[in-house]
Amino acid sequence: MRCRPLLPLRGALLLALVAVPFAVAAAPAAPSGPPTVAEAEAFVARAEAELLALWSDQQRASWIQSNFITDDTEALAALFNEKMIAGTMRLAAEATRYDGLALPPDVARKLRLLKISIVTPAPADAALRRELTEITTSLESDYGKGKYCPPGQPPSACRDLEQLSATIATSRDPNVLLETWQGWRTVSPPMRARYERFVQLGNQGAKDLGYPDLGALWRAGYDMTPEEFAQEVDRLWLQVKPLYDGLHCYVRGKLQEKYGKAAVPDGQPIPAHLMGNMWAQAWGNLWDLVAPPPQGTRIDVTQLLRQKQIDALEMVRIGERFYTSLGMMKLPPTFWERSLFVKPADREVVCHASAWDIDFDQDVRLKMCIKIDEEDFATVHHELGHTYYQLAYRRQAPLFRDSANDGFHEAVGDTLALSVTPDYLVKVGLLDKAPADAGDLDLLMRQALEKIAFLPFGLLVDQWRWQVFSGQVPPAQYNQAWWALVRKYQGVAPPVPRSEADFDPGSKYHVAANVPYTRYFLAHVLQFQFQRALCQTAGYKGTMEMGRSQPWQDALFAMTGQKQMDATAILDYFKPLMAWLEQQNKGRTCGWN
Ligand code: X8Z
Ligand code: ZN
């Protein structure tokens, strides 16, 4: 699945661990004598068959847990996770026998992927491995079940993330916003001690794999060294920062008009509860406060969806039609039978949207608590991007059934959703006629509020985790380090003082569920690069079918003619908006200290 912890979890142990007994079926006796190419090829074939079985068992258990959170489903999900980790690590340890042997490139690549792609490696000790999987599973469950219960009120007053998010999106009352913002952050302090232990155990697993810490292991998945990747991310951020600064300045000015300069001071970060999003990560809900003066007829997708009485299922059908109109296949019947589109009233589920690849073949599914609005219309397209990518690479060898890098997976659906333009809305029947006078400014501003606003958040979540995993940030500073990064990158500040009794990073799904996040930052750069190239070529399908069989640089080249991720496409895309923002920002004091 995309957006799920622990999978695909592919990794290795060092040779030193080969002899450690695992709780799963033991490997066949290691062949004697010097290793040969034929032996390596046979090993890879056997490993891939075994991995496929481990992955799909784990997926099924995890699917049930996320769709039906109980103590029992949690225990079973943890168990199958543990089986997968143990099995994968045993195979990876066996694979070290072929280190240094001259191998055909695809075999060498598979062995490398087996060794580096692990998301949550566990220590070799079975009890510690069990402890780790129980922690990670329980953190995700707690997030899924999380509710804010206002003190002194009956349980019926408790509200879940979907309800709280709706308030943050629509209320313009600072007191209500503050209570809601703080309310959701009552869910995460109980996660703190377990997170601290998770860091210790995950780091131990990463060390066993030969990496200094878990962050270095995550950064190793990009066909370059971890150090090179960290620099690559910094380079891209510097490319896009001017876009963000312009938008930040403009939006802060508009919030000052609404809430006053006392609440939103010049030269200071913006208070987080006023941004229309629980984490201030996307600002589309501020549209009514920040919209440019109308240039012509305005289009409101949320209103169109509701007017036409589109329900959750129909939103997914519309999404599917987008993909089939580009020549992709219809989704398999099991997708429609097995997916979850609407939040069930009678049980706890993990609502965070995700696209699952249960058997790494055709059993693809979507799990999402769809709201009928523009944001979720885009998210449906995003998730289906994962689904179509999964279907496209399903004929690859198991270890290659993944995107070129994880940013590619996150970028595909978004790239297409960039084409949710008035013409598209007409094609899918939501709009009768594209207004001739609808200028680009509205569209660009709407996109900027989602895509540009997101960039620093997309970056900082893993900056925090990288610092935490490396020990640069000790547990006693978890929360202050988080807010230091939010301030530095987003120019956003907590509306009330926070302390180390809080655990605000855990209020974000991907931290609680241990899903790496830099992928979304990359995706927000890549989708514009893809889109620019797609206007010239049609290299999408072939790239998706390649899966992870080649370095992502080659996949990128096949699609765009470029070998490097490049933020000039996003700069090009928003050029007219930036010029407009510069005009608007004249006389404003921009930036924050
Ligand atoms: O988690 C997601 C997707 C599922 S892969 C809904 N996204 C990130 C988030 O919600 O924080 C998409 C954008 C960023
Ligand atoms: Zn995604």
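Located above this text is the structure these notes cover.
From a predicted model like this one, the values you see are computed outputs, not experimental measurements. (Residues numbered from 1 in each chain as written. Chains lettered and ligands numbered in written order. Predicted model: local features only at pLDDT ≥ 70, side-chain atom pairs only at ≥ 80, totals over all residues. Heavy atoms only, no water.)

### Examining the pattern of salt bridges
If you walk through the whole model with that rule in mind, you get 41 salt bridges. Between Glu232 and Arg235 there is a salt bridge, with the nearest N and O atoms lying 2.7 Å from each other. Of this pair, Glu232 and Arg235 are both found in helix 9 (residues 226–259), three residues apart, which corresponds to roughly one turn of the helix. Under the relative-accessibility criterion, Glu232 is labelled buried at 9%. Counted as one network, the salt bridges with shared partners bring together Arg46, Glu50, Arg90 and Glu94. (Salt bridge = Lys/Arg side-chain N within 4 Å of Asp/Glu carboxyl O. Helix = DSSP H or I, 4+ residues; strand = E, 2+ residues; numbered from the N terminus. Buried < 20%, exposed > 50% of the residue type's maximum accessible area, 1.4 Å probe, protein only.)

### Considering unusual backbone geometry
Despite not being glycine, Asp223 has its phi angle at roughly 50°, a positive value. The topology assignment puts Asp223 in the loop between helix 8 (214–219) and helix 9. Positive phi, normally seen in glycine, also occurs at Phe360, with a value near 55°. By the secondary structure assignment, Phe360 is in the loop between strand 4 (354–357) and strand 5 (364–367).

### Quick look at the coordination of the zinc ion (ligand 2)
Those donors, His382 (NE2), His386 (NE2) and Glu410 (OE), are the protein atoms that reach the zinc ion (ligand 2), and they lie 2.0 Å from it. In the primary structure, the donors to the zinc ion (ligand 2) are separated according to the pattern H-x3-H-x23-E. Taken as a pair, His386 in helix 14 (residues 374–392) and Glu410 in helix 15 (residues 406–417) lie far apart in primary sequence, 24 residues in all. (Donors = N, O, S within 2.8 Å, 3.2 Å for Na, K, Ca; no water.)

### Side note on helix 20 (residues 518–534)
Over its 17 residues, helix 20 runs 24 Å from end to end, which matches the ideal 24 Å to within 8%, given 1.5 Å per residue. Burial analysis of helix 20 places 15 of its 17 residues in the buried class, which makes it a mostly covered element. (Expected span 1.5 Å × (residues − 1).)

### What about the side chain of Lys451?
Looking at where Lys451 falls in the secondary structure, it is placed in helix 17 (residues 440–470). A polar atom in the side chain of Lys451 sits 2.9 Å from the side chain of Gln527. Look past the residues within four positions of Lys451 in its chain and what remains in contact with it is Asp414, Leu418, His524, Gln527, Phe528 and Phe574. (Polar contact = N/O pair within 3.5 Å; in protein donor to acceptor, adjacent residues only side chain to side chain. Contact = heavy atoms within 4.5 Å.)

### Considering the packing of aromatic side chains
The full count for this structure, using the stated rule, is 38 aromatic pairs. Summarising the aromatic geometry, the rings of Phe335 and Phe341 are spaced 6.1 Å apart at their centres and angled 50° between planes, so their arrangement reads as tilted. Given a relative accessible area of 0%, Phe335 falls into the buried group. With a centroid separation of 5.7 Å and 70° between ring planes, the pair formed by Trp464 and Tyr478 is classed as edge-to-face. Here the residue Trp464 occupies a position in helix 17, and Tyr478 occupies one in helix 18 (residues 478–490), the gap between them amounting to 14 residues. Here the two residues Trp464 and Tyr478 agree in accessibility, since each one is buried. A network of ring pairs unites the aromatic residues Tyr195, Phe198, Trp218, Phe454, Phe457, Trp464, Phe469, Tyr478, Trp482, Phe503, Tyr517 and Tyr520 as a single cluster. The ring of Phe400 has Lys110 lying over it, and the distance from NZ or CZ to the ring centre is 5.2 Å. (Phe/Tyr/Trp six-rings, centres within 6.5 Å; stacked < 30°, edge-to-face > 60°. Lys NZ or Arg CZ within 6 Å of the ring centre and 35° of its normal.)

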